Amino acid sequence: LFLQRNGILTLVILAVLLVRLLLRRLPKKYSYLLWSVVGIRMLLKLQLPSRFGLLSLWHYMTQQISGSQLITGQTVTGATQGLSQAGSGLGSGVNQILQICMLIWIAGMIVLLLYGILSYFKCRRMTVQAVHMEGNIWECDHLTTPFVLGIVRPRIYIPFHLSAEEKPYILAHETYHIKRGDPIVRLLAFVLLTFYWINPFVWLAYFLMIRDMEMSCDEAVLLQLGTKIRKAYSNSLLTFATGRKQVTFSPLAFGESDTSGRIKNILDFKKPKVWGSFLAILAVILAAVFCLTGQKTEDDTSASQSEQQVTDSSRSAQAEAAKQETEAARQMAEQTQQDAASAEDAKQAAAQK
């Protein structure tokens, strides 16, 4: 089941990447919205009724790879016989491998969670000497890049050396993060990453989502303050890039990233036309319909029943093997008792003589 969920999730990410490629010339807010499809698939076992869903494609691919359309009754019978002949030894070996894989998966989750927690406290330690400016804005002397920290009451931390020209659009950028709920989105994305860390496509999706998040915020600032700040905004990003390493990879703190890509996007940004926005929204909706729907056919039900029969047969084979071992142990115990009685009788007969 875990492998199946990761396989379907990989297909969803690939589909989103394809649509994202088609939307590359449109505002990044649509690409950012597109990643919600991946998040919903990771969070919920959602399968709305549809004849042309991604699950139908997944079933088709698995059938082609296996070389057969569905497991028939004859196949189940053959699998049952094979499992019976294999005995409990094979099942025990497979279970041990699965247990090892499960331990590796759990260890990876623990490492990522600990890293996220430690990086958060590292960021907190960086802001101990911050001075309150106004509202939720704080200034700190040794910071070289602005960032947002926190979830319930997120704060904006900015360096002391920001000029009066820079502050409006830098604060507008970080404020838009908070207004849109990006700290919560990033935390949720990080938690999902810890659960699916073993899937490399999930890592790719995570970092591209963060990239789209930042670029869409830049575009919001340009729409709010005007494109006349392009040059100054780009220069600020270049300045912040030198201190980017101070803000660690943390789910609760994020600042400037992907400087070159963001500057290019800022310089190329144009206010979207109505038809472009319409097509982008339509593409997101179609992607959601394709990735979050499927049709559970009679064949799927038969396959599920067949898989259940194979599972039951495996359990029956293991139970039968355990029963045989118990019977053999009982017979051995009885034989031991008989041998002991015979030895005792022989000893008594020798004593009488």
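Heads up: the structure comes first, above all this text.
Just so it is clear, the model here is predicted, and its values are computed rather than measured.

Draft legend 1. View of the overall build of the protein chain. In terms of helices and strands, the protein chain carries 11 helices and 7 strands. Residue burial in the protein chain is summarised as follows: out of 353 residues, 39% are buried. Intrachain contacts of the protein chain at a sequence separation of at least 6 include 74% that bridge at least 24 residues.

Draft legend 2. View of the packing of aromatic side chains. Summed over the entire model, instances satisfying the criterion amount to 5 aromatic pairs. An angle of 65 degrees between the planes, with centres 5.4 Å apart, marks the rings of Tyr 120 and Phe 121 as edge-to-face. Accessibility expressed as a relative area gives 49% for Phe 121, which makes it partly exposed. A ring pair is formed by Tyr 169 and Tyr 233, whose centres lie 5.1 Å apart and whose planes are at 40 degrees; its orientation type is tilted. With Tyr 169 in helix α5 (residues 166–180) and Tyr 233 in helix α8 (residues 230–241), this residue pair connects regions lying 64 residues apart in the sequence. Since its relative accessible area comes to 3%, Tyr 169 is described here as buried. An aromatic cluster is present here, built from Trp 203, Tyr 206 and Phe 207 joined pairwise through their rings.

Draft legend 3. How the structure looks around helix α10 (residues 274–292). For α10, which comprises 19 residues, the first-to-last C-alpha distance of 27 Å matches the rise-based estimate of 27 Å (1.5 Å per residue) to within 8%. All buried positions along α10 are accounted for by Gly 276, Ser 277, Ala 280, Val 284, Ala 287, Cys 291 and Leu 292. When α10 is viewed along its axis, its buried side chains cluster within an angular range of 115 degrees and face the same direction. In α10, the exposed positions that point more than 90 degrees away from the buried face belong to Val 274, Trp 275, Phe 278 and Leu 286.

Draft legend 4. Layout of the nonpolar core. Among the nonpolar cores identified, the biggest contains 33 residues, and Trp 35 and Val 38 are the most heavily contacted of them. Elements represented by at least two residues in this core include exactly α1 (2–22), α2 (28–43), α6 (182–195), α7 (200–225) and α10. In terms of residue count, α1 provides more of this core than any other element does, 8 residues in total. When near neighbours in sequence (up to four residues on either side) are disregarded, Val 38 contacts Leu 9, Val 12, Ile 13 and Val 16.

Rules behind the numbers
Throughout, a residue's number is its position along its own chain's written sequence, starting from 1. Since the coordinates come from a predicted model, pLDDT governs what is reported: local features require at least 70, and pairs of side-chain atoms require 80 or more to be given and counted, while whole-chain, interface and lining totals use all residues. Processing note: side-chain calculations cover all non-hydrogen atoms of the structure and skip hydrogens and water entirely. What counts as a helix is a DSSP run of H or I of at least four residues, what counts as a strand is a run of E of at least two, and both are numbered from the N terminus. Here the term buried applies to any residue with accessible area under 20% of the maximum for its type, exposed to any over 50%, and partly exposed to those in between, with areas from a 1.4 Å probe on protein chains only. Working rule for contacts: check all heavy atoms of both residues, and any pair within 4.5 Å makes them a contact. When the centres of two rings from Phe, Tyr and Trp lie within 6.5 Å, Trp using its six-membered ring, the rings pair. Their planes under 30 degrees apart give stacked, over 60 give edge-to-face, and anything left gives tilted. By this rule the span expected of a helix is its residue count minus one, scaled by 1.5 Å. As used here, the arc belongs to the directions running from the helix axis to the C-beta atoms. Among buried residues, the Ala, Val, Leu, Ile, Met, Phe, Trp, Tyr and Cys ones that are joined through side-chain atoms within 4.5 Å form a nonpolar core.

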